[in-house]
Number of protein chains: 2
Amino acid sequence: MKSLVFNFPSPSPLGALITQGMGAEEGRFLLKSFPDGESYLRLESPVKDRSVFINAPLVHPNGWILDLLFLSDTLRAQEAKQVVLVAPYLAYMRQDKIFHPGESLTSATFAHLLSTHVDSLITVDPHLHRYHNLSELYSIPTTVVHAAPLISAWIHENVQDPFLIGPDAESSQWVKEIAKDLPFIVLNKTRHTDGHVRITWPQEVNIGNKTPVFVDDIVSSGETLLEALAHLKNQGTKAPICLAIHPIFAGNAYEEIKAAGVHKIVTCNTIPHPSNQIDLSPLLLKALKEFQQ
Amino acid sequence: MKSLVFNFPSPSPLGALITQGMGAEEGRFLLKSFPDGESYLRLESPVKDRSVFINAPLVHPNGWILDLLFLSDTLRAQEAKQVVLVAPYLAYMRQDKIFHPGESLTSATFAHLLSTHVDSLITVDPHLHRYHNLSELYSIPTTVVHAAPLISAWIHENVQDPFLIGPDAESSQWVKEIAKDLPFIVLNKTRHTDGHVRITWPQEVNIGNKTPVFVDDIVSSGETLLEALAHLKNQGTKAPICLAIHPIFAGNAYEEIKAAGVHKIVTCNTIPHPSNQIDLSPLLLKALKEFQQ
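Definitions and limits used
Counting restarts for each chain, with residues numbered from 1 along the sequence as it is written. As a convention, the first chain written is A and the first ligand written is 1, with the rest following in written order. For this predicted model, a pLDDT threshold of at least 70 governs which residues receive local features, and a threshold of 80 or more governs which side-chain atom pairs are given and counted, while totals over whole chains, interfaces and linings are taken from all residues. Side-chain metrics rest on all non-hydrogen atoms present in the structure, leaving aside hydrogens and water. Relative accessibility thresholds used throughout: buried, under 20% of the residue-type maximum; exposed, over 50%; partly exposed, between the two (1.4 Å probe, protein chains only). Secondary structure is summarised from DSSP: a helix means a run of H or I of at least four residues, a strand means a run of E of at least two, and numbering begins at the N terminus for each. A pair of strands is labelled paired if DSSP reports no fewer than 2 bridges between them. A residue counts toward the fit only if its pLDDT is at least 70 in both copies, and the copies are then superposed by least squares on the C-alpha atoms of those residues. We call two residues contacting when some pair of their heavy atoms lies within 4.5 Å. Orientation is described by axes fitted as lines to C-alpha atoms, over the contacting stretch for helices, and by angles from 0 to 180 degrees between their N-to-C directions. Segment limits for the domains were obtained from an automatic or database-derived domain assignment. The term buried area refers to how much accessible surface (probe radius 1.4 Å) is lost by two components on association, counted for both of them together. The working definition used for a salt bridge is a side-chain nitrogen of Lys or Arg within 4 Å of a carboxyl oxygen of Asp or Glu. For the purposes of these results, a polar contact is taken to be a pair of N or O atoms within 3.5 Å, where, inside protein, one atom must be able to donate a hydrogen and its partner to accept one; residues adjacent in sequence count only when each atom of the pair is a side-chain atom. Following the grouping adopted for this structure description, the nonpolar residues are Ala, Val, Leu, Ile, Met, Phe, Trp, Tyr, Cys and Pro, the charged ones are Asp, Glu, Lys and Arg, and the polar ones are all others, Gly among them. Here the word oblique covers every angle except those under 35 degrees (roughly parallel), over 145 (roughly antiparallel) and from 65 to 115 (roughly perpendicular). It is the rotation of the near helix from the far one that decides the hand of a crossing: anticlockwise by less than a right angle makes it left-handed, clockwise makes it right-handed. Note that the arc is computed from the directions linking the helix axis to the C-beta atoms.

Visitor: Help me out: how do you make sense of the pairing of strand β9 (residues 162-166) of chain B in this one?
Guide: Every regular strand shows the same layout, with side chains that alternate between the two sheet faces. All names here are of chain B. Counting buried positions over the five residues of β9 gives five, a clear majority of the element. Because side chains alternate across β9, one face comprises the buried residues Pro 162, Leu 164 and Gly 166, and the other comprises Phe 163 and Ile 165, equally buried. Bridge count between β9 and strand β13 (residues 211-219): four bridges; the pairing is parallel. Directly across from Phe 163, in β13, lies its bridge partner Pro 212. Across three bridges, β9 lies against strand β10 (residues 184-186) in parallel orientation. Residue Gly 166 lies in a different strand from β10, and its bridge partner there is Val 186.

Here you go:
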């Protein structure tokens, strides 16, 4: 029997590529709200004894996490062979420590929740900073796909003479993995008491005629990137390219970054966004093969 | 040490009455959103070894259920003595059966979720229709408070010569409990293929000069009540009173019912609403005493 891919909560270009690449069938379902705001969910595809994949980029998950649990529980109740969550973007990875007494370790609650409701998890470059491995958080088997090879390939094909820049220490792992033998620097970020960030550049750095390429895993508010860009503007370099794996772009972040003198913003398709130019489906499909035995 | 009451996600008049009546302290917390929409929660009251009550009317819970789980997990991580969920209105009780193949039994998923994250549950008149007891759904100890005595008392004090009307079979248990020796009828509801409801009145019913009092547990879309009211309008009775325990009033339901020739709409304060006139805190406080030993 063909595997099923449920694109949740709504269809996405990556979901379509995965479904097709797996030779799977798209899982059909009806999800609606009652007048009181409660959800109604009904599966329209038979799932018994089939491998089921839920493709759900977990950006802004608060409003629909309950629906995702309804879906996974219903798949289990109807005896799906396995329920695999494909979360190209994995949420709640950033509160990875109790920084101030009383704080909620949201990463732990979220991971426990998913671990309880699905059988395994596949994701792309989770924001592992203080955690070093998803197994510290997730009690189910997890598979991590790294976007670096395809981002590297994109740079080699599209950028002449690149100079990679990581805007802060957290970006370091991605910059190094992507740069390989290309030149790069990683900047320093400090967060001020007013909540704003300041980026410290090295005393001197010679980018020369190379193309600056900012690299980060997530762009959310864009504050870090904007701070880093502001400095570069005064250095007379070529207009930089901004590369990110997960394009969250909260609020007007995308517009603000575009307006900050960048040549191009390029992202991976983990979260649907107009800037998606690097298709990660080949890497995901390779990982998904393991589950289709 | 004083007990703590967290009013979640926001303060409510009932919450204030409960906190005061218990001689408890109000639990302080900070809940905010990051730019990417993820939640940040921090407890500001020390909770170690204290009994903690979360007062949360679970109306429209989808958007903040995750925050509630963050709260309860954080209370546990900080070693609260017990975490008691006071849900004056309990959500997801109506999908109590798989009516059509493939449907999600949302009542079960929701109950499992709460059972996993809190130690016990107190609620007011849950919509028990096909389930007969919360223990069929919830694996934690549950306490059910019945609003009937205070609704009966309100009717006796405020309505001369009442005639109670339950708009459909599901309302029957509440009508009977509230009516005691007062006259009442329970109408029949059928749901048409187009999704709309039709209410069937008895062939003849003599309300005479009595005051019609519609009684139901929940008013959500108000469709059932509006259908029942439409008939009464042509019978030349006194303007009816509409009584409900849980005032959800989805969309414009409240305005539409007011405009349907009713004399008054009166509800209990399980969900904050301008129509709240029956304060259930005395009944809840009695039940809460058991947890404060």
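Visitor: Sorry if this is basic, but what is going on with the relation of the copies chain B and chain A here?
Guide: Copy one and copy two of the chain differ by a rotation about an axis and a translation along that axis. When chain B is fitted onto chain A, the two copies agree to an RMSD of 0.0 Å after a turn of 180° and an axial shift of 0.0 Å. Between the two chains, the operation in question is that of a two-fold axis. Among all residues of chain B, the minimum C-alpha distance to the rotation axis is found for Gly 63 of chain B, at 2.2 Å. Mapped onto chain A, 100% of the interface residues of chain B are again interface residues, and the two copies thus contact each other with one and the same surface.

Visitor: Just checking my understanding: could you explain the sheet that holds strand β15 (residues 264-268) of chain A for this structure?
Guide: Two orientations exist for strands paired in a sheet by backbone hydrogen bonds: parallel and antiparallel. Residues and elements named next belong to chain A. Taken in spatial order, the six strands of this open sheet run β10-β9-β13-β14-β15-β16, and their pairing is parallel. Among the strands making up the open sheet, the edge pair consists of β10 (184-186) and β16 (276-278). Each strand of the sheet is rotated relative to its neighbour by a mean of 30°, with strand direction disregarded. Strand contacts of helix α4 (residues 148-158): β9 (162-166), β13 (211-219), β14 (241-247), β15 and β16, with the helix running at about 155° to β14, the strand carrying the most contacts.

Visitor: Mind showing me how you'd approach the domain arrangement of chain A here?
Guide: By convention, interface size is frequently given as the accessible area that disappears when the constituent parts associate. Residue and element names in this part refer to chain A. Examined at the domain level, chain A breaks down into domain 1 (4-145 + 280-292) and domain 2 (148-269). A straight line from the C-alpha centre of domain 1 to that of domain 2 covers 29 Å. Counting from both sides, the interface comprises 15 residues of domain 1 and, opposite them, 12 residues of domain 2. Interface of domain 1 and domain 2: buried area, both sides summed, is about 1,400 Å²; carbon and sulfur atoms make up 61% of it. Looking only at domain 1, the three residues that lose the most surface to domain 2 are Asp 125, His 127 and Leu 280, adding up to 40% of its buried area.

Visitor: Can you help me understand the interface of chain B and chain A in this one?
Guide: Taken together, the contacts link 42 residues of chain B with 42 residues of chain A. With both sides pooled, the region where chain B packs onto chain A buries about 3,500 Å², and carbon together with sulfur makes up 55% of that total. Considering only the surface of chain B that becomes buried against chain A, Asp 36, Glu 38 and Leu 66 of chain B emerge as the three largest contributors, covering 17% of it. At the surface where chain B touches chain A, the tally comes to two salt bridges. For Arg 94 of chain A, the salt bridge goes to Asp 36 of chain B, with nearest N and O atoms at 2.8 Å. Where chain B meets chain A, there are 24 residue pairs in polar contact (both at pLDDT 80 or more). Of all the elements in the fold, those that place two or more residues in the side of chain B that touches chain A are β4 (39-43), α2 (65-77) and α3 (106-117) of chain B. Grouping the constituent residues of the side of chain B that touches chain A by class yields 17 nonpolar, 18 polar and seven charged.

Visitor: Can you help me understand the sheet that holds strand β2 (residues 25-26) of chain A in this one?
Guide: Residues and elements named next belong to chain A. The strand order across the open sheet built from six strands is β2-β1-β5-β6-β7-β8, with neighbouring strands paired in parallel fashion. Of all strands in the sheet, those with a lone pairing partner are β2 and β8 (142-145), marking the two edges. Bridge count for strand β1 (residues 4-7) against strand β5 (residues 51-55) is four bridges, and the pairing is parallel. Residue Val 5 lies in a different strand from β5, and its bridge partner there is Phe 53.

Visitor: Looking at this model, I keep getting lost on the packing of helix α1 (residues 13-22) of chain A against helix α8 (residues 281-289) of chain A. Mind explaining?
Guide: Two numbers describe a pair of packed helices, the interaxial angle and the distance between the axes. Residues and elements named next belong to chain A. Across the interface, α1 lies against α8 with an axial gap of 10 Å and an inter-helix angle of 45°. The angle between the axes of α1 and α8 places the two elements in the oblique class. Note that α1 runs across α8; the crossing there is right-handed. Contacts from Leu 14, Leu 17, Ile 18, Gly 21 and Met 22 of α1 reach α8 at Ser 281, Leu 284, Leu 285 and Leu 288. The residue makeup of the contact of α1 with α8, split by class, is seven nonpolar, two polar and no charged.

Visitor: Got a minute to help me understand α4 of chain A in this structure?
Guide: Structurally, the α-helix is built with 3.6 residues per turn, so residues lying three or four positions apart point the same way. Residues and elements named next belong to chain A. Listing the buried residues of α4 in full gives Ala 148, Ile 151, Ser 152, Trp 154 and Ile 155. Looking straight down α4, one finds that the buried residues subtend no more than 160° of arc, so they occupy a single side. More than 90 degrees from the buried face of α4, the exposed residues found are His 156 and Glu 157. If you follow the buried residues of α4, they end up packed against β9, α5 (172-179), β13, β14, β15 and β16.

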